[in-house]
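Structural overview for review
What follows is each chain in one-letter form.
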Amino acid sequence: MKVSKFSIYKQFERFCDQAFSQLQNHEKLNISLEGEDSLYLRFNKAQLRQNLELLQIRISLHMQSNDRESYTAFNLTSDETLNLSRLAEALIFLRGQIEIQLPDPHLVPIKNNGHSQKLASSLIPSALDSYKNALSDICEISAQVDLVGIFAGGLLYSASFNSLGQKHWFEQPSFLFDYSIYSGEPPNNVVASKSCLSGEQWSATEFSVDFQKTLNLHRLQQNKKIPIAPGKYKAYLAPAAVDEVLGVFRIAGLGYGEMATGRSPFLKLHRQEKKLSNKFSLQENFELGLHCPFNQSGELSDSILPLVHQGKLQQFLTSSRSAAEYQVNSNFAESDEILRSPEILPGNLDEIKIFQELDTGLYLSHLHYVNWSDLESARITGMTRFAALWVENGKVIGPIQDMRFDVSLYSLFGDDLLDLTKTRKTFPNLYLYDSRKLGGSHVPGILVNAFTFTF
Amino acid sequence: MMTERRNLKDLYASVKDDFEYIGFRHTREITHHQKFRNGTQEPAPSFVDSGLMIEILSRGQIFYSATCDLSAKGIRNCLDQVKLFANNFKQTPLFANSTANRPKALGTFKSTRQSDLKDLSFRELHDFLRQSSNLIKNQKNIIAGQSYVKLVQSNTLFLGNQGTEFEQDLNIVGIELSATAEANGDIQKRTSNRYLGRCYQMGSEFLQNTQSEFDKCLNISEEALQLCWARQCPSEKMDLLLAPDQMMLQIHESIGHPLEYDRILGDERNFAGWSFVRPTDFGQLQYGSELMNIVFDPTPTNAIATYAIDESGLLAKREFLIEKGILKRGLGGLESQQRLKIPGVANFRASQWNRPPVDRMANINLFPGTTPLAEMLRKIEHGIFMQTNKSWSIDDYRLKFQFGCEWAQEIKGGKLGQVFKNPNYRDSSLQFWRKLKDLGKDTESYGTFYCGKAEPGQVIRVSHESPHCVFADVEVFGGIS
């Protein structure tokens, strides 16, 4: 990763100046940037399966003129001539789209949403150097086991400038290592455990400590798998499992637009036909440092945005466009109205004593392929996976055969929620499709009274 | 594009003899999303995505580096990155890769089109989308009428110092119409065959057949309302007749993914999962009933995943995966074939320039039978018909699945009866396919732009052609009243 921390900023700034200088009187332009300069390492059997060094910088242009708007995007290069030729094509396209449109009744005028700049200058050299050691560290520390996983580290960028003077820039070095350990012969004797590390600086020592914890969890699964009959069980969902439940909000969740068009699983909560537990609170928290505080239009959310507080719905994630269409207040959500930096507030459970707290029931370290099975009743389905343990009188008896569950969030975070842990874990954004992204979550484990298994 | 191509060709020519193997893959892909809701255009992102992947073979390992910076300096930086990584790589390769896994490919491939997408009239497209969404929202109980077209123009140039020079040029169109209705205290959505499920290699000629689309608008609008008033799908075991637009995902999840060789090899275990299929199963596992014949077919004219070569340079041809219910062959490119020591297919694919290739599905199709649909129905005394997928989940070995559909109808005494809402079914893959007891004689093809797997994740285009199918004694259930 040899890109200077200044070169992308300076190139982007120069590009924006040139783009804004070509606008006609009635035109406004917002230019946003999302990019990465990353090293990816994919592992199987504790060996490198594939590497990838990747530089991708995408800039998105949003033009407004005469109550109409258009969008396009392309990649930024280090060659100004090439960038300007792409800009010229883009302006033709943007103006052409605007010309054929009718006035947009829900258009939100581009405005100057201020300035901010987060450069990570002091951290970058040592962070990038530490990522170069990740390959050898991982191979050495996990040499005796069958380890599978993905390391991704490098710089992430986000920016939003516009022709009215707005300038937001955010850059951050970060890494994630999401991995699992396998043993045993498939299909019936496989044992698997999983963990995820993330942060700014890679450390062999921290990985070594985490790896030992994962091995310890692995050792708890050495007995023969216990078949579980369909039915309801008391269960503890570890933070990683809770993070996977939050992941389903990407498909449908707390977006205002979804609610207004009848596609939110929380419509009944909104209409007060259903309720959640007063132990459950969910909010966006940009103070966690997981995501830049501005959206692609440069709008700044409050640093803490309560969504559900003690079981009561406070607000949906509302973009300015939804606000304009439905005549409500914007809380400056991103245009897709999905969670960016959510946290679930903690409870009173001591995670170290979790088997005793569970007493008799299921310990679920992770969940797999969680999806909505019925939006109207906020029901989700998925599978157990990795360390799913049967616990009796506070003692781990052994792993279970994987089961499918189907449960409503009005149960999981509602009537059947017993408590949440005091400690929480931070997860990076593991949605690596197409690019590495800012974001993540900060969540506790949860103890529930009735988790329904189907088969 | 000319400057970009000139830059990369210049550098390639100057360095190609310095490596045991070096390959350049440049893709430029223009994507337009055009959506209207209730007659008003929604924000419509477009993206001109252009980038280069460089791969080099060194001491038995292929290393990758990719960049969007297609200046001469940017491409040189990309090459320097991958060389540096390769030089510093001290570990043992997972397997001994070689130039045998990068065969020479020469030629061009251009997907079928009557009229290139670059000549599409956006004004005409907007008129179509506006009219469609207004037609869907034809009464007050329809709270959202949406029309959506996704257009992709993709051009990839492969260069490799084993002599490869190949260009693939694709035009792809995806169409979706959806109606959301609110009535009877319920909200239901009905689509024209799922989220962009109608996706094909074609040009702008789709705009010449708008009447059939307008007919669909009225149908889905009516059906969304019917669903609001319908009863919940009952919970019991019965014969299940599935329409091709649900078979699409059934094939995808319970045949396509478990047969991917890199899954069988364990590469995907941290994320997408493993497979219940073992290497010794090929040639002998009874995957399904004798009615079941499945092919990997990269050749159909309009299918979204039709191509001439995969990303290794291997010529793509049709192969049987399952014949008369017996598993014959899986989905693995040359690298995986070497690792497993069994034959595969040309399916080593990458979603875009920014990802290395892995084993992917492409067009995976179920052969039809001989039974007309009316006769299939007549043979069912007590059963249910389901159409159009809306939810899906399967375990990490690709066995236990659960699917939900938009639409269901009771089948009683060989006739379609009352409509049910929120229909779901669950089963286990081998058990399910062994219960396949009837196949229709006519097929339909549906696909998706968004088949996801791998680490780092990549989504790729796939399609599945299938007839209507009947499965015996399947557990079905509904939502909560």
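Residues numbered from 1 in each chain as written. Chains lettered and ligands numbered in written order. Predicted model: local features only at pLDDT ≥ 70, side-chain atom pairs only at ≥ 80, totals over all residues. Heavy atoms only, no water.

Time to look at the overall build of chain A. Within chain A, the secondary structure is distributed over 11 helices and 18 strands. For a compact globule of 455 residues, the expected C-alpha radius of gyration is about 23 Å, and chain A comes in at 24 Å, within 12% of that figure. With the principal axes as the frame, chain A shows a C-alpha extent of 75 × 55 × 35 Å. Looking at chain A as a whole, 63% of its 455 residues qualify as buried. In chain A, the share of contacts with a sequence separation of at least 24, taken over all contacts with a separation of at least 6, comes to 73%. Of the side-chain charges in chain A, 43 are positive and 50 negative, and the distance between the mean point of each set is 4 Å. (Helix = DSSP H or I, 4+ residues; strand = E, 2+ residues; numbered from the N terminus. Rg over C-alpha atoms; globule rule 2.2 N^0.38 Å. Buried < 20%, exposed > 50% of the residue type's maximum accessible area, 1.4 Å probe, protein only. Contact = heavy atoms within 4.5 Å. Lys, Arg positive; Asp, Glu negative; His and termini not counted. Charge placed at Lys NZ, Arg CZ, Asp CG, Glu CD.)

This brings us to the overall build of chain B. Assigned secondary structure in chain B consists of nine helices and 23 strands. In terms of overall size, chain B behaves like a compact globule, its C-alpha atoms giving a radius of gyration of 24 Å where 481 residues would be expected to give roughly 23 Å. Each principal axis of the C-alpha atoms in chain B carries an extent, and together these give about 70 × 55 × 35 Å. The burial tally for chain B puts 69% of its 481 residues in the buried class. The long-range share in chain B, meaning contacts at least 24 apart out of those at least 6 apart in sequence, stands at 76%.

Right, let's talk about the interface of chain B and chain A for a bit. As a measure of interface size, the accessible area lost when the parts come together is often cited. Each side of the interface is counted separately: chain B has 102 residues, and chain A has 89 residues. Interface area, chain B with chain A, both sides summed: about 7700 Å², of which 50% is carbon and sulfur. There are nine salt bridges connecting chain B and chain A. In this structure, A:Arg271 and B:Glu182 form a salt bridge, with 3.0 Å as the shortest nitrogen-oxygen distance. At the junction of chain B and chain A, the tally comes to 52 residue pairs in polar contact (both at pLDDT 80 or more). At seven residues, strand S4 (residues 61-67) of chain B tops the list of elements feeding residues into the side of chain B that touches chain A. Counted by class, the side of chain B that touches chain A contains 39 nonpolar, 35 polar and 28 charged residues. Where strand S2 (residues 47-65) of chain A and S4(B) come together, three bridges link them in parallel fashion. When the bridges of S4(B) are listed, A:Leu54 appears paired with B:Ala66. (Buried area = accessible area lost by both parts, 1.4 Å probe. Salt bridge = Lys/Arg side-chain N within 4 Å of Asp/Glu carboxyl O. Polar contact = N/O pair within 3.5 Å; in protein donor to acceptor, adjacent residues only side chain to side chain. Nonpolar A, V, L, I, M, F, W, Y, C, P; charged D, E, K, R; others polar. Pairing = 2+ DSSP bridges.)

Given a rise of 1.5 Å per residue, 13 residues ought to cover 18 Å, yet the end C-alpha atoms of helix H5 (residues 244-256) of chain B are separated by just 16 Å, more than 12% below that figure. Taken across its 13 residues, H5(B) has 13 buried, putting it largely inside the fold. (Expected span 1.5 Å × (residues − 1).)

Let us now look at the nonpolar core. If you look at the biggest cluster of nonpolar residues, it comprises 90 residues, and the most contacted ones within it are A:Phe12, A:Ile31, A:Leu33, A:Phe151, A:Phe177, A:Trp202 and B:Phe24. Grouped together as the second largest cluster of nonpolar side chains are 79 residues, B:Phe296, B:Ile322, B:Leu366 and B:Trp433 included. (Core = buried A, V, L, I, M, F, W, Y, C linked by side-chain atoms within 4.5 Å.)

A few words now on the pairing of strand S6 (residues 142-160) of chain B. Residues and elements named next belong to chain B. Burial analysis of S6 places 18 of its 19 residues in the buried class, the great majority of the element. Sheet topology places strand S1 (residues 21-37) next to S6; 15 bridges connect them, and they run antiparallel. Paired with Glu-29 across the bridge in S6 is Ser-154. One ladder, built from 18 bridges, connects S6 with strand S7 (residues 164-183); its direction is antiparallel.

On average, residues of chain A score 94 in pLDDT, and 98% of them reach the 70 mark or higher. Note that pLDDT drops below 50 for residues 1-6 of chain A; the model gives that stretch 18 contacts with residues more than four away or on any other chain. (pLDDT = per-residue confidence, 0-100.)

Below, the discussion takes up the pairing of strand S20 (residues 415-421) of chain B. Residue and element names in this part refer to chain B. Note: strand S10 (residues 231-232) against S20, two bridges, orientation parallel. Of the residues in S20, the one forming a bridge with Arg-231 is Phe-420. Where strand S19 (residues 400-412) lies against S20, four bridges are found, and the strand directions are antiparallel. Looking across to S20, one finds that Ile-411 is bridged to Leu-416. The hairpin formed by S19 and S20 contains two residues between the paired strands, and Gly-413 there has a positive phi angle of roughly 55°.

Residues and elements named next belong to chain A. Mapping Ser-411 onto the fold places it in helix H11 (residues 409-415). Judged by relative accessible area, which is 13%, Ser-411 ranks as buried. Ser-411 has contacts with Asp-416, Leu-417 and Ala-450, leaving out every residue within four places of it along the chain.

Another aspect to go through is the packing of aromatic side chains. For the coordinates displayed, the defined rule picks out 55 aromatic pairs over all chains. Centroid distance B:Phe403 to B:Tyr425: 5.7 Å. Interplanar angle 45°. Geometry classified as tilted. Separated by 22 residues along the polypeptide, B:Phe403 in strand S19 and B:Tyr425 in strand S21 (residues 424-428) bring together distant segments of the chain. Summarising the burial analysis for this pair, B:Phe403 and B:Tyr425 share the class buried. Taken together, the ring pairs in this structure connect A:Phe43, A:Tyr131, A:Phe151, A:Phe175, A:Phe177, A:Tyr179, A:Trp202, A:Phe207 and A:Phe211 into an aromatic cluster. Between the NZ or CZ atom of B:Arg355 and the centre of the ring of A:Tyr40, over which it lies, the distance is 5.5 Å. Its guanidinium or amino end placed over the ring of B:Phe477, B:Arg426 lies 3.8 Å from that ring's centre, counting from NZ or CZ. (Phe/Tyr/Trp six-rings, centres within 6.5 Å; stacked < 30°, edge-to-face > 60°. Lys NZ or Arg CZ within 6 Å of the ring centre and 35° of its normal.)

All right, on to the sheet that holds strand S12 (residues 294-296) of chain B then. Residue and element names in this part refer to chain B. The antiparallel open sheet is built from four strands, whose spatial order is S14-S13-S12-S17. The sheet is open, and its two borders are formed by strand S14 (326-327) and strand S17 (364-366), each paired with just one other strand. Examined bridge by bridge, S12 and strand S13 (residues 319-323) share three bridges and lie antiparallel to one another. Paired with Val-295 across the strands is Phe-320, a residue of S13.

Residues and elements named next belong to chain B. Throughout the structure, instances matching the rule amount to 47 salt bridges over all chains. One salt bridge in this structure joins Glu-167 and Arg-5, with 3.8 Å as the shortest N-O distance. Highlighted residues: Glu-167 in strand S7 and Arg-5 in helix H1 (residues 2-15), separated in sequence by 162 residues. Note on Arg-5: relative accessible area 9%, which makes it buried. Close ionic contact of Asp-17 with Lys-16 constitutes a salt bridge, the shortest N to O distance being 3.6 Å.

Let us look at the packing of helix H4 (residues 134-141) of chain A against helix H5 (residues 204-219) of chain A. All names here are of chain A. Where H4 contacts H5, the axes come no closer than 10 Å and their chain directions differ by 30°. With respect to H5, the element H4 is oriented roughly parallel. The chirality of how H4 crosses H5 is right-handed. Along the contact surface, H4 presents Asp-137, Ile-138 and Ile-141, while H5 presents Ala-204, Phe-207, Ser-208 and Phe-211. Its residues assigned to classes, the contact of H4 with H5 shows five nonpolar, one polar and one charged. (Axes fitted to C-alpha atoms, helices over the stretch in contact; angles between N-to-C directions. Parallel < 35°, antiparallel > 145°, perpendicular 65-115°, else oblique. Left-handed = near helix turned anticlockwise from the far one by under 90°.)

Right, let's get into helix H6 (residues 239-247) of chain A. Of all nine residues in H6(A), seven are buried, a share of seventy percent or more. Buried within H6(A) we find A:Pro239, A:Ala240, A:Ala241, A:Val242, A:Asp243, A:Val245 and A:Leu246.

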